[in-house]
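An overview of the molecular structure
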Amino acid sequence: MSIYRRAALYYRPFWAKTTLGLLLSLCAVGLNLLKPWPFKIIVDDVLGQGAEPAFGRSPSLVPLLCLALVAIQVLWGLVNMAMNYTFVKIGLQALLRLRTELYAYLQSLSLKYHDARRSSDSSFRVAYDSQAIQTMFNQGFTNIFSSAVMLIGTFVVMVQIDWQLTLLSLGVVPVIAGAIYFFANRIRSQSTTIQERESAMLAQAQEGLSSIRMVHAFGREEWEVSQFQHQAHQSLKANLRLTLTNVNSAFVISTLMVLGTAAMYYVGTLHVLAGTLTLGSLLVFSAYLLMLYQPLESLTYTAWAMEGAAAGAQRCFEVLDRADDVIDSTDASAISTTAGALAFEGVDFGYAAGQLTLHTIDLQIAPNQIVGLVGGTGAGKSTLLSLVPRFYDPTAGRVTLDGRDLRQIKKKSLRAQIGIVLQDTVLFSTTIRENIAYGRPGATSEEIRQAARKAQADEFISRMPQGYRSPVGERGTHLSVGQRQRIGIARAFLKNAPILLLDEPTSALDPTTEAAIMDTIKELMRGRTTLIVTHRLATIHGVDRIVVLEHGRVVEQGSGAELLARGGQYATLYAAGNYPG
Ligand code: ADP
């Protein structure tokens, strides 16, 4: 389906309003065509040049004709206003639909999609590229309609006045059409380049500003600015290139038009001198020629705007056409509870094709069992965890819950059974209360408070000026890491899911805070199937089972005591007390 036809689907729900707008547009064209006539009557009839005056030659006609002119203009203005408002509203409503659909789809796409691109590029598509849908409607579709009607109307009237003169003036039109086609192609590709470069510039700014701490700490402000300036300059160059195409084509097209006008003046004057055309008719004719060229010119701009917009719309449709990598199988059903028996059966996984991060993982985890995952950096511990909520699907083998392949469980219902605490809890810029209730938006204030108490967060929250209603800054910057972790743990307590995934929950903390938080985590793990990744072995030595990973393979597993006695990899790590995780 062409981009334009696909875009038109977004306006379809507003067809009734569109029809109204088109009717208004017809009225506007009709009124516009009336505009030159009062003056023609003044010149031909009152000033005495016309052969057979239709309205007589009385000078008292003049004020009436002047009034008629004003009335036509005012009426045209009103109709035009109503038409513009209607069309802009439809354009904006179509934009709202596309934006929402795009954002919702981006939210649903798997991490694999988002891993591969910068988040600012996706934001750019939602915020800016999507505007193409409005441009196409307001500068494209509606313009083409009113220009076409105007062209046809003007043409018909002009032929009535002098057909030879009409053909002569229109001789340049095919050449103009050729020029429009030539320039439109360039404009589309140049517009795509602009969009890509603007997006890259936004990404640069976003990255530099979101890592401002790092930038200041390492004194890289100037370097960041120079990187930004480089991107901004790339965008400037692309914009200039497009401007050059625009001014060139404006020059070519206006020159072609003036050639048509000059030819009309020349032949028109000959016709007046020969007595086959009245002076008033020549004046009306030249007014119409302007009216004819106006929609032609406006069609040119429309073609440019459409090409630019097509580039933006294409970037939106590209996202919507992406198939999700993590999809439920056709026989998937929702679950509302789980015993919590997890199993990895011959699981291979790779982020990129042909490059495995996990190799033939076989693990059976009984309900309520707590399993510690241990291994060096890059061993694949976090990757293993991310297969449980199906952030990714295994490349081979399967992960099961209560004996059922995860792909046969509806993603959303599966995730409802899983609580997660990461190394650094991400907080959203809303209140503490809403942050805790993120996984259970309907929770009551008492439930939220209770969860916070269990996470030992109630005390510091209550000390804040607005308590649970205190706002959290972007990314929770004015809370300490320990406080953020406590909120993350409160979140997990409140969600009260039977499966728990903990990825280095204490590694960003000092030893005293770590000990305190570990107590709450032990409480949280009780009665839940838990996978905990940590390199602080002392904190998990006593859990039910420890699994040691190396280069994506399970190399050892058993209780802490068994593994120590075996004197293998775990014993070495344990002897070191701590190891760099
Ligand atoms: P660990 O948690 O044991 O430190 P990870 O599971 O984070 O290890 O990483 C295992 C390997 O997978 C590493 O080589 C890492 O670079 C790679 N990796 C992790 N996340 C991604 C990702 N989103 N895309 C591509 N490769 C990744």
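Fair warning: this is a prediction, and the values are worked out from it, not measured in the lab. (Residues numbered from 1 in each chain as written. Predicted model: local features only at pLDDT ≥ 70, side-chain atom pairs only at ≥ 80, totals over all residues. Heavy atoms only, no water.)

As for the overall build of the protein
Scanning the protein from terminus to terminus reveals 22 helices and 10 strands. By the burial criterion, 47% of the 581 residues in the protein qualify as buried. Long-range pairs, those at least 24 residues apart, make up 78% of the contacts in the protein between residues at least 6 apart in sequence. Entry remark: accessible area of the protein is about 28,700 Å², with carbon and sulfur atoms responsible for 61%. (Helix = DSSP H or I, 4+ residues; strand = E, 2+ residues; numbered from the N terminus. Buried < 20%, exposed > 50% of the residue type's maximum accessible area, 1.4 Å probe, protein only. Contact = heavy atoms within 4.5 Å. Areas by Shrake-Rupley, 256 points an atom, 1.4 Å probe, with all protein chains shown as cover.)

Regarding the packing of helix α9 (residues 173-210) against helix α12 (residues 279-320)
For the pair α9 and α12, interaxial distance at closest approach is 8 Å and the crossing angle is 30 degrees. α9 and α12 meet at a crossing whose hand is right-handed. Residues Val173, Ile176, Ile180, Phe183, Ala184, Ile187, Arg188, Ser191, Thr192, Gln195, Glu196 and Ser199 of α9 touch α12, and the partners they reach there are Leu296, Thr300, Ala303, Trp304, Glu307, Gly308, Ala310, Ala311, Gly312 and Arg315. Across the contact of α9 with α12, the residue classes tally to 11 nonpolar, seven polar and four charged. (Axes fitted to C-alpha atoms, helices over the stretch in contact; angles between N-to-C directions. Left-handed = near helix turned anticlockwise from the far one by under 90°. Nonpolar A, V, L, I, M, F, W, Y, C, P; charged D, E, K, R; others polar.)

Focus on the pairing of strand β7 (residues 499-503)
Counting buried residues in β7 gives five out of five residues, a clear majority hidden from the surface. Burial along β7 is two-sided: Ile499, Leu501 and Asp503 facing one way and Leu500 and Leu502 facing the other are all buried. As paired strands, β7 and strand β8 (residues 529-533) are joined by five bridges and run parallel to one another. From the neighbouring strand, Leu501 faces β8, where its bridge partner is Leu531. Taking the sense of rotation as the criterion, the β-α-β connection linking β7, helix α19 (residues 511-525) and β8 turns out right-handed. (Pairing = 2+ DSSP bridges. Right-handed = clockwise from strand over helix to strand, strands pointing away.)

Observations concerning the domain arrangement of the protein
Domains assigned within the protein are domain 1 (3-320) and domain 2 (342-575). The partner domain 2 presents six residues to the six residues of domain 1 that form the contact. Taking both partners together, domain 1 and domain 2 bury about 470 Å²; carbon and sulfur atoms supply 45% of that area. Counting across the interface, domain 1 meets domain 2 through zero salt bridges. The tally of links between domain 1 and domain 2 comes to one residue pair in polar contact (both at pLDDT 80 or more). Take the side of domain 1 that touches domain 2: its biggest share by element is three residues, from helix α5 (residues 111-115). Among the residues forming the side of domain 1 that touches domain 2, the class breakdown is one nonpolar, three polar and two charged. (Domains from an automatic or database assignment. Buried area = accessible area lost by both parts, 1.4 Å probe. Salt bridge = Lys/Arg side-chain N within 4 Å of Asp/Glu carboxyl O. Polar contact = N/O pair within 3.5 Å; in protein donor to acceptor, adjacent residues only side chain to side chain.)

A short note on the side chain of Thr142
With respect to the helices and strands, Thr142 occurs in helix α7 (residues 132-161). Among all residues touching Thr142, those that are not within four sequence positions of it are Phe87 and Phe137.

A closer look at the sheet that holds strand β4 (residues 396-401)
Taken in spatial order, the four strands make up an open sheet running β2-β1-β4-β5, and their pairing is antiparallel. If you trace the sheet from one side to the other, it starts and ends with β2 (358-365) and β5 (404-405), each paired once. Pairing of strand β1 (residues 342-349) with β2 involves five bridges; the strand directions are antiparallel. Among the inter-strand pairings, Val347 is bridged to a residue of β2, identified as Ile361.

What to know about the site of the ligand
All residues in the neighbourhood of the ligand are listed as Asp115, Tyr351, Thr357, Gly376, Thr377, Gly378, Ala379, Gly380, Lys381, Ser382, Thr383 and Tyr392. Residue Asp115 places a side-chain N or O atom 3.0 Å away from a nitrogen atom belonging to the ligand. Lys381 places a main-chain nitrogen or oxygen 2.9 Å from an oxygen atom of the ligand. Within the complex, 58% of the 550 Å² of free accessible area of the ligand lies under protein. For the shell around the ligand, the element with the most residues is helix α13 (residues 381-386), which contributes three residues. Counted by class, the shell around the ligand contains three nonpolar, seven polar and two charged residues. (Near = heavy atom within 4 Å.)

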